[in-house]
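What follows is the residue order along each chain.
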Amino acid sequence: QMPRSLQRLGLLAHEVLACSSSALTAVGRSGTSIADQFTALYSSQGYQAQQSLQLSTCSAITRTMSHYQASTSSAVNTSIGNLPSTLHTGLQQQHQTNPFSIAGALRNYNQWRYPKRSFKLPDHIQSLIDKKRSEFPKLPAYVVPAPKPSELTPASKRASCIAVKAGMTQEWDEHGVRVPLTVLWVDDCQVVGVHSQEKHGYWGLQLGAGYKRQKSISPSEAGLYIKEGLPFKKIMFACSVSQDALLPVGTPISAAHFVAGQHVDVTGWTKYKGFQGVMKRWGFKGLPASRGVSLAHRAPGSIGNRKDPGKVWKGKKLPGVMGNERRTIHNCLVYKVDPARNLIYIRGQVPGPAGRFVLLRDAFNVTHEYRSAWGLPFPTFLGDATRSKVQVYRSSKDPYRPYSEETDYFPITWKKGD
C-alpha cells in the first residue's frame with residue numbers, strides 16, 4: 001500500500017485545489033498554513049515519492065477542474081504558485097493533458113527504479129575510442145527523392161511485398177477450367193527504412209507489414225517507427241533493389257504493385273508438423289505389415305554400417321521435427337489482382353498455414369523481354385489503388401483445342417461399297 005505520508009500529501013493536494021489563494025496562506029488550528037504543511041511534507045519525501053505525488057496531484061487537478069467552471073482555473077493557478085518549484089512546473093505542464101490515475105501513480109511508485117549508473121572511462125581509453133570513431137565517421141541517412149513513374153530497365157529490380165496468406169479458393173476461367181487459387185492479403189505494407197551502398201553495402205529497402213502494440217516490441221524497434229512517424233509493424237523484412245527502384249520511407253506497397261499475368265516467387269514457412277517418424281517425414285516405405293515383423297512396422301530399419309566407418313553419417317534421414325522451414329515457390333502465376341481490397345490471387349499452392357506472412361517478389365529467372373511485356377508499374381504503383389479495377393489473367397491458349405484438332409477418333413474414311 002501507499003505510505004501514510006503519501007496519503008497525507010494526496011489529501012493536502014485536494015485541499016490545495018479546493019482553497020483559494022487567501023485561504024491557502026491562512027494559518028489554521030495546527031499553527032501552520034496548508035501551503036506550509038504541503039511544502040514541508042513534500043520536501044521530506046525522496047525522489048521516488050515526489051514523482052508518484054506529481055502524478056496523483058495531476059489527476060486531482062483534472063478531476064477538480066471538471067467540477068468547477070472555467071473561471072476557477074485562474075484561482076487554481078494562483079493557488080498552486082505557493083507550492084514547491086519542481087512540483088509547480090510539472091503541474092503547469094500537465095494541467096491540460098490526460099493525467100494518470102491514482103492506481104497508475106501507485107503502480108508507478110511500486111515499479112520505479114533508479115536510472116542505470118554510467119561510469120566514466122579512463123582518459124587514455126576514451127581517447128582511443130574517440131580516435132577510432134573519427135576514422136569511421138557516421139554517415140548520414142540516404143535521402144531518396146520523390147518517386148516518379150519511369151521505365152523498367154534490364155538492370156532494374158523492384159521492391160518486394162509482404163502479404164498474409166488468407167486461404168485458398170477456386171475460380172473457373174473463360175474455358176471452363178477450374179483454377180485453384182491462394183488468396184494473399186497485403187496488410188498495410190510500407191517502406192520503413194532505406195539501405196544505401198555506402199552505409200550498408202547494398203541498395204535495399206526495409207519493409208514492414210501488419211500491426212503490433214508498442215508493448216509487444218522492443219524499445220529499439222519502437223524507436224525506429226516513432227522516429228519515422230509510422231505505425232508499429234508486426235513483421236519486418238529487408239529486400240535488395242536497384243538504385244533506380246528505391247522508395248522513400250512511408251511509401252505504401254499495395255496489391256497494385258503486381259499485375260495479373262506476371263510470375264512471382266513466393267517465400268513462406270511451411271506448416272509445423274511437430275516430431276514425426278521417417279514414413280511421414282521422409283516418405284519411407286516402412287517394414288512389412290505381415291509376417292516376421294514384431295511391433296516395428298513404421299521403424300526406419302538399419303541406420304549404420306560396419307566397424308568402418310563406425311558412425312552414422314550426418315544428414316541421415318531419421319525421425320525429428322518436421323515443418324516450419326523456409327521454402328520458396330518459383331514462377332507462380334498471378335491470376336487475379338484486386339487493388340481495392342489489397343488481395344492477390346496466386347494460382348496453385350503457397351507454403352505455410354493460413355494467417356502467416358509470405359514474401360512476394362518478381363520472378364528473377366525470366367528474361368527482360370518477357371518481364372517488360374507484363375507492364376509492371378515502376379518503381380511501384382503511385383496512384384490511388386482504391387479506384388483501380390480488378391485485373392484477371394486471360395489466356396489465349398484454349399486447353400481443349402489440341403484435343404479437337406490433333407485427336408481423330410475416326411481416322412478411316414468410310415466409303416460406300418467398302
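Report on the accompanying structure. (Residues numbered from 1 in each chain as written. Predicted model: local features only at pLDDT ≥ 70, side-chain atom pairs only at ≥ 80, totals over all residues. Heavy atoms only, no water.)

1. Quick word on the sheet that holds strand β5 (residues 235-240)
Through backbone hydrogen bonds, the strands of a sheet pair up, either in parallel or in antiparallel fashion.
Then, in step 1: Taken in spatial order, the three strands line up as β3-β4-β5 in an open sheet, and their pairing is antiparallel. Both edges of this open sheet fall to β3 (190-195) and β5, since each of them pairs with a single strand only. Neighbouring strand axes in the sheet, compared pairwise and without regard to direction, differ in orientation by 25° on average.
Then, in step 2: Sheet analysis places β3 next to strand β4 (residues 204-209), joined by five bridges and oriented antiparallel. Its bridge partner being in β4, Val 191 is matched across the sheet by Leu 207. (Pairing = 2+ DSSP bridges. Helix = DSSP H or I, 4+ residues; strand = E, 2+ residues; numbered from the N terminus. Axes fitted to C-alpha atoms, helices over the stretch in contact; angles between N-to-C directions.)

2. Comments concerning the nonpolar core
Then, in step 1: Counting residues in each nonpolar core, the largest one holds 41 residues, and the members touching the most others are Leu 205, Ile 344 and Leu 360.
Then, in step 2: Mapped onto this core, the elements with two or more residues apiece are β1 (161-172), β3, β4, β5, β6 (263-269), β9 (326-338), β10 (343-347) and β11 (357-362).
Then, in step 3: Setting aside residues up to four positions removed in sequence, Ile 344 forms contacts with Thr 182, Val 183, Leu 184, Val 186, Ala 255, Phe 258, Val 334, Lys 336 and Leu 360. (Core = buried A, V, L, I, M, F, W, Y, C linked by side-chain atoms within 4.5 Å. Buried < 20%, exposed > 50% of the residue type's maximum accessible area, 1.4 Å probe, protein only. Contact = heavy atoms within 4.5 Å.)

3. Side note on the layout of surface pockets
Then, in step 1: Its boundaries defined by the atoms lining it, the largest pocket holds a volume of some 380 Å³.
Then, in step 2: Around the largest pocket sit 16 residues that line it, and Ala 141, Val 194, Lys 199, Lys 227 and Glu 228 are the ones nearest its centre.
Then, in step 3: In terms of residues, the lining of the largest pocket owes the most to one element, β3, which gives four residues.
Then, in step 4: Partitioned by chemical class, the residues of the lining of the largest pocket number seven nonpolar, five polar and four charged. (1 Å grid on protein atoms, 1.4 Å probe; cavity = no way out; pocket = protein on both sides within 12 Å on 5 of 7 lines; lining within 4 Å. Points joined across faces, edges and corners; volume = space filled by probe spheres on them. Nonpolar A, V, L, I, M, F, W, Y, C, P; charged D, E, K, R; others polar.)

4. Regarding unusual backbone geometry
Then, in step 1: In this structure, the amide linkage connecting Asp 308 to the following residue, Pro 309, adopts the cis form with an omega of 15°.
Then, in step 2: Inspection of the secondary structure assignment puts Pro 309 in the loop between α11 (278-281) and β8 (320-322).
Then, in step 3: Here the amide bond leading from Phe 378 into Pro 379 is cis, since omega sits at 0°, within 30 degrees of zero.
Then, in step 4: Mapping Pro 379 onto the fold places it in the loop between α12 (368-372) and β12 (391-392).
Then, in step 5: For Asp 188, which is not glycine, the phi dihedral falls at a positive 50°.

In short, shape yes, function no, at least from these values alone.
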